[in-house]
Structure formats: C-alpha cells, structure tokens
Amino acid sequence: MITKEAVAATPAPAPADPAPTRPGKKRPAWDEVPRWQIYLPLGIYLVFTLIPFYWILLFAVRPAGSTSLVPWPMTTEHFEKVWTDRGFGTYFTNSVYVGLATLVMTTLVALAGGYALARFDFRIKRVFMLALLCSQFVPGALLLVPLFEIFAGLQMINSLGSVIIAETVFQLPLSIILISNFIKNVPYSLEEAAWVDGCGRFRAFRIVVLPLLRPGLIAVGSFAFVHSWNHFLFALMFLNNQHKQTIPVGLNSLMSADSVDLGALAAGGIVAAVPVVIVFAFIQKWLITGFSAGAVKG
C-alpha cells in the first residue's frame, strides 16, 4: 500500500530537455526584419530623390545642344553665362547680405523674447503665446499690400532693408517659441547661483545661460538664413531694381514665355543650392539637437 509519506518523498520528474538544435545554427528571431525589407524601400526613395539632382547637374555641365545622358565632355559655359551675363554675381551678393542680416536680427530678437517668455510671468503671457502660434497660419501673401504701403511710406522700396525686415518679422514667432522652450531646459538654479556670486541678470545670462543655448541659436539662425535665402515673394514685390534683386528672383528671370534656357537655369539652380547644402552639412548635428530640445518642453 502506497502511503502519503511515500508519495511526498518521490522526486518530481525532471523537465524534458528542449529539442536539440543543430550546432552553429541560431534559432530564428520572429521580430527580426529581413535586411532587404529595409534597403529596398530606402533604395527606391534614394533613386527618386537623386534623379532630379542628376538632371540638374547634367544640364548645367553638358554643352548646349547636346543630348547625351553622360555629362562628358563637361563645360562651365552655363555657369559663366549666369554669373556674368545674367548678373548672378550681384544676386548672390544680395542674397548673402539678406540672409546674414535676417539671421542676426532674428536670433537677437528671438533670444530676448524667448528669455522673457521663459523666465518672467505676466498677465498676457498665454495670450501672447497664442498670438505667436496663430500668426503661423497667416500666409505672407495676405500681408503684401499693407507691407508695401508701409515700406513705401518709409521710402524703403527698392531697398534690401525692406526684405530683411519682412523676413525677420515672419521668422520671429517660431524662433521665439523655440528659443523660449530651449531656455526652459536650462535649470533656473544656475542663474541664481551666478546672482549669489555677484553677477547681474544680464551678466549671468551671458556667462551661464548663453553658452548652453548654442544648439538652439544655431537651429534658429540657420532656419532663418535658409528661409530668407530661398524666399521669392518679398524680394519680387519690394525690389524693382535689377541690381537689388536676389537669387530666387534671378532664377525667375531666366524663364520667359517663349523659351527657357535649361542650361543656364540648371547652373543658376546649383549656384542657389550649393551654399544651403554646405551650411546644412556643417550644422546638421547642432540643427537636430536644437530643434529636438526646443520642441520637448513648453
């Protein structure tokens, strides 16, 4: 007769060994995506992205009248034509001036406004933030007529200053919001410690806070520069003198109702795109950091 004590003393059966696997072969991971499912869509996207750039480069360096799909022999006649005959040297200088001036003015004003929103409390703060956000939904074309009247009254038509002011005004709302959110990520205790050490508010901001805002300032400044560099509408409306026009207006002048010089247009497009590509190649690290940090807290 089997007693309860004997049943309790009987050892439990050992768990069955897992099914043996072949040596050197790993079990398949069901959540692992095959490489081709990643590289194939990226490759298709890359092809569709690079083909237009290849065509622009092809027309820019291919001799006039050639139909070859390979840019050989290469020529620089189209670049010489747009730079000297079509005045792109002057357009390039004007665009650089407008872009740099917009960058400096936008960064300085956004820095002051962003600090005020991040560190001070006042009654209309929420209303002001709402107004900044709502201003982003207003297209610039709706304000061309009142802006033209204002600049005409100030005798600023055919002046690069009118374009710089208009570009700065339209860049400020987003720039102020980004800088404000970025300043909020800087601990307020750092400024308080500087005040205890004898620094005033401005000196504490310059020594303690400003160096930590480098990614945000680079992001805001680069965005303002690129937008003013590529913007066409303000320069077209406020600048009637050919010697005051910028590169986007110069590109538009290469197209007429009867014919289009594709070689000159492609060369002008490369002249317009290369500075922006170089700027983004050098600041992409700071740009991503600045936009991500400025969008996290608010």
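Okay, so let's go over this structure. (Residues numbered from 1 in each chain as written. Predicted model: local features only at pLDDT ≥ 70, side-chain atom pairs only at ≥ 80, totals over all residues. Heavy atoms only, no water.)

1. Description of the overall build of the chain
- Across its full length, the chain carries 13 helices and zero strands.
- Ordered by position in the sequence, the α and β elements of the chain form the string α-α-α-α-α-α-α-α-α-α-α-α-α.
- In the chain, which comprises 298 residues, the proportion classed as buried is 34%.
- When contacts within the chain are restricted to residue pairs at least 6 apart in sequence, those whose partners lie at least 24 apart make up 73%.
- As presented, the chain carries roughly 19200 Å² of accessible surface, and 69% of it is formed by carbon and sulfur atoms. (Helix = DSSP H or I, 4+ residues; strand = E, 2+ residues; numbered from the N terminus. Buried < 20%, exposed > 50% of the residue type's maximum accessible area, 1.4 Å probe, protein only. Contact = heavy atoms within 4.5 Å. Areas by Shrake-Rupley, 256 points an atom, 1.4 Å probe, with all protein chains shown as cover.)

2. Here's the deal with a nonpolar patch on the surface
- A surface patch of nonpolar side chains, about 1400 Å² in accessible area, is lined by Trp36, Leu40, Ile44, Val47, Phe48, Ile51, Tyr54, Trp55, Leu69, Val70, Trp72 and Met74.
- Tracing the backbone shows Trp72 in the loop between helix H2 (35-61) and helix H3 (77-85).
- For Trp72, a relative accessible area of 64% puts it in the exposed group. (Patch = residues over 30% accessible without salt bridge, like charges linked within 9 Å, V, L, I, M, F, W, Y side chains within 5 Å. Salt bridge = Lys/Arg side-chain N within 4 Å of Asp/Glu carboxyl O.)

3. Description of the packing of aromatic side chains
- The tally for this structure, following the rule as stated, stands at eleven aromatic pairs.
- Considering the side-chain rings of Phe170 and Phe234, the 5.2 Å spacing of their centres and the 50° angle between planes classify their relative orientation as tilted. Within this pair, whereas Phe170 is found in helix H7 (residues 160-184), its partner Phe234 is found in helix H11 (residues 233-238), the two being separated by 64 residues in sequence.
- The exposure class of Phe170 is partly exposed, given its relative accessible area of 22%.
- Residue class for Phe234 comes out buried when judged on its relative accessible area of 1%.
- A network of ring pairs unites the aromatic residues Trp83, Phe92, Phe225 and Trp229 as a single cluster. (Phe/Tyr/Trp six-rings, centres within 6.5 Å; stacked < 30°, edge-to-face > 60°.)

4. Examining the nonpolar core
- Residues Leu111, Ile176, Ile179, Ile183, Phe205 and Leu213 are the most contacted members of the largest nonpolar core, which totals 19 residues.
- For this core, the secondary-structure elements that each account for two or more residues are helix H4 (88-119), H7, helix H9 (201-209) and helix H10 (214-230).
- Excluding anything up to four places from it in sequence, Leu111 contacts Ile179, Ile183, Phe205, Leu210, Leu213 and Leu217. (Core = buried A, V, L, I, M, F, W, Y, C linked by side-chain atoms within 4.5 Å.)

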